Amino acid sequence: MTMQSYVGRAPRPSSLADVLELILDKGLVIDAYVRVSLVGIELLTIDARVVVASVDTYLRFAEATNRLDLQAASNSEGLPQLIGDITEGGASQKTKGALSGAAEQVSSWFGGDDDDEQNGQGGDRENGDGRRRRPARASASRSSRSGNSSRSGNGDARRRRRPRDDDDEDS
Amino acid sequence: MLCVYGVVRSSHPAADSGGAGVTGVQGRPVFVVVSDDLAALVGEVEGELLARRRDVDAHLTVLERALSTGDVLPFRFGAVAADAVAVRAMLEKSAPRFRELLARVGGRVQMTLKLVRDDDAAVRAVVVSDARLRQVVTTHQRSTVFADKLALGERVAAAVEQLSRRDVDEVTRRLSAVASAMEISTATPPAIASIALLVEPDRLGELDRLVASLHDELGHRLSFDYAGPMPAYSFVS
């Protein structure tokens, strides 16, 4: 660490999503004489902002602990007796398999919109059961340019996903 | 229909040259509409705009060119007005606001710094530093019970979130020494924050060094997407 690293400075943010966030979300708008005239933006911004479902996140972090080399981690901390257990390879392999299986199951719940209508008990907690499924479908078909509704749906997309996470946590 | 890129003072070189030589959205030339001490950079466009890469880049390029020779208030992509008369009316009506904003961002540029977390490194950091969490991890790591895994993941995720909040606080605290204004927004994981800084061009070297030293300290668990200089998008709304 004697030599300071160089962090490259790019003229613009590296991902198109970040560039779009700047010029679609930020910047001056609009008064009586100037309006925003855009098509297809809803799809783009939803794509950029889909928030990872919390159940998915928890499973991902649980899985990340499996990749930890706790032996190395704990040598510095001195907890040797706990370590023998968890580094026995076979068992942790099995766990990992089961875990990714579970993760796949969860993602199929999130992905398969149309076949889980009966799971929608959370709908009464939310404003309008039918509407909250739309963003997932929209992002699944994001290659089509058909969307021309206003951008105001984006925030809702984020909010609407949450109740479904709760549903799945309950199960 | 006219697409509006941004507003400059009519003393800005771009206003002087009538925007000559710059190509904007839909490959159309950029020209200026002047009203008193203000001028709008505009271009003819047809139909509704699409946020296509080519046009998005053109919008940015027009504004970056203007920024390179003076102060500019960037408009949102897709802002349109019926004709030059409407643009002039906008300039007249909003003149006080434009003047005030030009004074606020004038002589400064925007830089952005996005912090992206390496989840594995963050998990390691929290488990190593917290003996109780490590105990929980070792107990439940092998469990195949779904609820156990969720509970473990939730604990770890909470600790990682906390670590990230501390990292963002530390980064912004240090950056505030160089920035004359800052806008911090949350980002989609694994990104933990998008920070926009308003900086005097003379201090960019100082900022570069600061970002590099932050990267030295936190680079093992955060990657930095550092960009600019660009027009002050985040400071004109």
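Note that this is a predicted model, so its numbers are computed, not measured.

The rules behind the values
- Residues numbered from 1 in each chain as written.
- Chains lettered and ligands numbered in written order.
- Predicted model: local features only at pLDDT ≥ 70, side-chain atom pairs only at ≥ 80, totals over all residues.
- Heavy atoms only, no water.
- Helix = DSSP H or I, 4+ residues; strand = E, 2+ residues; numbered from the N terminus.
- Core = buried A, V, L, I, M, F, W, Y, C linked by side-chain atoms within 4.5 Å.
- Buried < 20%, exposed > 50% of the residue type's maximum accessible area, 1.4 Å probe, protein only.
- Contact = heavy atoms within 4.5 Å.
- Axes fitted to C-alpha atoms, helices over the stretch in contact; angles between N-to-C directions.
- Parallel < 35°, antiparallel > 145°, perpendicular 65-115°, else oblique.
- Nonpolar A, V, L, I, M, F, W, Y, C, P; charged D, E, K, R; others polar.
- Pairing = 2+ DSSP bridges.

A. Here's a closer look at unusual backbone geometry. All names here are of chain B. The omega angle of the peptide bond from Pro189 to Pro190 is 5°, so this bond is cis rather than trans. As for its position among the elements, Pro190 is in the loop between strand E8 (181–185) and strand E9 (191–199). Along the chain, Gly228 connects to Pro229 via a cis peptide bond; the corresponding omega equals 0°. Looking at the secondary structure, you find Pro229 in strand E10 (residues 222–230).

B. Spotlight on the nonpolar core. All names here are of chain B. Among the nonpolar cores identified, the biggest contains 57 residues, and Leu41, Phe77, Leu115, Leu175 and Leu207 are the most heavily contacted of them. Looking at this core, the element that brings in the most residues is helix H8 (residues 204–218), giving seven residues. Among residues more than four places away in sequence, those in contact with Leu207 are Met111, Leu175, Val178, Leu197, Val199 and Tyr226. Listed in part, the 27 residues of the second largest apolar core include Val7, Phe75, Ala81 and Val87.

C. Up close: the packing of helix H5 (residues 119–129) of chain B against helix H7 (residues 146–175) of chain B. Residue and element names in this part refer to chain B. Contact pair H5 / H7: the axes reach a minimum separation of 9 Å and the direction vectors enclose 95°. Here H5 is positioned roughly perpendicular relative to H7, judged by the angle of their axes. From H5, Ala122, Val123, Ala125 and Val126 reach across to H7, where they touch Val156, Ala159, Val160 and Leu163. Looking at the contact of H5 with H7 residue by residue, the classes come out as eight nonpolar, no polar and no charged.

D. How the structure looks around the pairing of strand E7 (residues 109–117) of chain B. Residue and element names in this part refer to chain B. Extensive coverage of E7 is indicated by the burial of eight of its nine residues. Two elements, E7 and E9, share eight bridges in a ladder whose sense is antiparallel. Bridge pairing links Gln110 to Leu198 in E9. The pairing of E7 with E10 spans seven bridges and is antiparallel.

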